[in-house]
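Letter by letter, the chains look like this.
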Amino acid sequence: MSAQKVQYEELLATYSHSVEAIELLKCHRVYLEMIPSMRRAEESVITIPLPIVRIRNTTAAANAMNITTVDPQLLPCDLAILMCDPEWKIKTGKEIFIFIHRPDEDFSDLLSRWRRTQIILGKDYEWIMPPRHHHILNDGADKIYPLFVVFDETPERITRGLKGASLPFAIQGTIANADESDQASESVVPEE
């Protein structure tokens with residue numbers, strides 16, 4: 001596995017935890033201020049890695065009844081961060097979508113993932129929630145926000161493009177010893 005792939009996987013795993021996702025939001029103060037309760041921040045943030053939504057399509061039938069179909073769809077983002085009122089246990093109308101720069105992804109690919117997310121979420125949708133948050137009302141948002149995560153090694157044209165498009169991003173440093181940790185996981189098991 002390449003060092004860049006390890007970095008991507010490491011950040012995806014890290015930001016899947018609400019505490020770490022909150023640390024990421026500290027890179028962009030406007031997003032941090034969206035958290036309903038900083039005293040109960042962990043209860044106020046729901047993270048969904050590689051999220052799926054159910055798109056609701058309603059069509060009029062010949063007998064004057066509406067028919068609604070529900071189609072699950074994987075979003076092209078890496079992580080969804082949903083805000084939740086910790087007291088009422090309901091999702092608020094603000095959602096943040098994290099796009100981690102993937103190996104061999106250029107600016108147009110990264111930006112296209114955000115644009116596809118906007119198109120998908122422009123329809124009526126509901127979340128497929130993680131099991132521990134299954135009880136929370138999960139209809140779509142009033143407003144969606146992107147946050148891009150790039151690395152020190154990310155080509156400068158990508159950060160320049162994000163700045164030019166007025167899209168917020170956070171730069172993550174190199175994960176030390178990425179190759180060493182990968183090799184350690186592939187160590188040979190001694191024979192019995």
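Shown above is the structure to which this text applies.
Here's what I pulled together on the structure shown here.

Calculation notes
Residues numbered from 1 in each chain as written. Predicted model: local features only at pLDDT ≥ 70, side-chain atom pairs only at ≥ 80, totals over all residues. Heavy atoms only, no water. Helix = DSSP H or I, 4+ residues; strand = E, 2+ residues; numbered from the N terminus. Buried < 20%, exposed > 50% of the residue type's maximum accessible area, 1.4 Å probe, protein only. Contact = heavy atoms within 4.5 Å. Areas by Shrake-Rupley, 256 points an atom, 1.4 Å probe, with all protein chains shown as cover. Phe/Tyr/Trp six-rings, centres within 6.5 Å; stacked < 30°, edge-to-face > 60°. Patch = residues over 30% accessible without salt bridge, like charges linked within 9 Å, V, L, I, M, F, W, Y side chains within 5 Å. Salt bridge = Lys/Arg side-chain N within 4 Å of Asp/Glu carboxyl O. Pairing = 2+ DSSP bridges. Axes fitted to C-alpha atoms, helices over the stretch in contact; angles between N-to-C directions. Right-handed = clockwise from strand over helix to strand, strands pointing away.

### Here's the deal with the overall build of the protein
- What the protein contains, in helices and strands, is seven helices and eight strands.
- Residues classed as buried in the protein amount to 41% of the 192 residues present.
- Long-range pairs, those at least 24 residues apart, make up 63% of the contacts in the protein between residues at least 6 apart in sequence.
- Roughly 11,000 Å² of accessible area belongs to the protein as shown, and the carbon and sulfur atoms make up 52% of that amount.

### Focus on the packing of aromatic side chains
- Tallied over the entire structure, the rule returns five aromatic pairs.
- Centre to centre, the rings of Phe99 and Phe148 are 5.2 Å apart; their planes meet at 25 degrees, and the pair counts as stacked. With a gap of 49 residues between them, Phe99 in strand β5 (residues 90-100) and Phe148 in strand β7 (residues 143-151) connect regions that are remote in the sequence.
- Measuring from ring centre to ring centre gives 6.0 Å for Tyr125 and Trp127, while their planes differ by 80 degrees; the resulting arrangement is edge-to-face.
- Using a relative accessible area of 0% as the deciding quantity, one classes Trp127 as buried.

### Observations concerning a nonpolar patch on the surface
- Residues Leu50, Ile52 and Leu74 make up a contiguous nonpolar surface patch of roughly 260 Å² in combined accessible area.
- Secondary-structure assignment places Leu74 in strand β3 (residues 66-74).
- Classification of Leu74 by relative accessible area gives exposed; the value is 53%.

### Examining the sheet that holds strand β6 (residues 125-127)
- The three strands lie next to each other as β3-β2-β6, forming an open sheet whose pairing is antiparallel. Both outer strands of the open sheet, β3 and β6, are each paired with one neighbouring strand and no more. Neighbouring strand axes in the sheet, compared pairwise and without regard to direction, differ in orientation by 25 degrees on average.
- In the sheet, strand β2 (residues 52-60) pairs with β6 via three bridges, with the strands oriented antiparallel. Of the residues in β6, the one forming a bridge with Ile55 is Tyr125.

### Focus: the pairing of β7
- Across the nine residues of β7, seven count as buried, placing the element largely inside the fold.
- Two strands pair when backbone bridges link them, and β7 and strand β8 (residues 169-172) are joined in this way by four bridges, in the parallel orientation. Its bridge partner lying in β8, Val150 is registered against Ile171.
- Note that the unit made of β7, helix α6 (residues 156-164) and β8 has a crossover that is right-handed.

### Quick word on the sheet that holds strand β4 (residues 79-85)
- What the five strands build is an open sheet, ordered β1-β4-β5-β7-β8; its pairing is mixed. The strands lining the two open edges of the sheet, one partner per strand, are β1 (45-49) and β8. Neighbour to neighbour, the strand axes of the sheet diverge by 25 degrees on average, direction disregarded.
- Where β5 and β7 come together, seven bridges link them in parallel fashion. Within β7, the position partnered with Ile98 by the bridge is Leu147.
- Packing against the sheet, helix α1 (residues 3-15) makes contact with β1, β4, β5, β7 and β8, and its axis sits at approximately 140 degrees to β7.
- Here helix α2 (residues 18-25) sits on the sheet in contact with β1, β4, β5, β7 and β8, set at roughly 100 degrees to β1.

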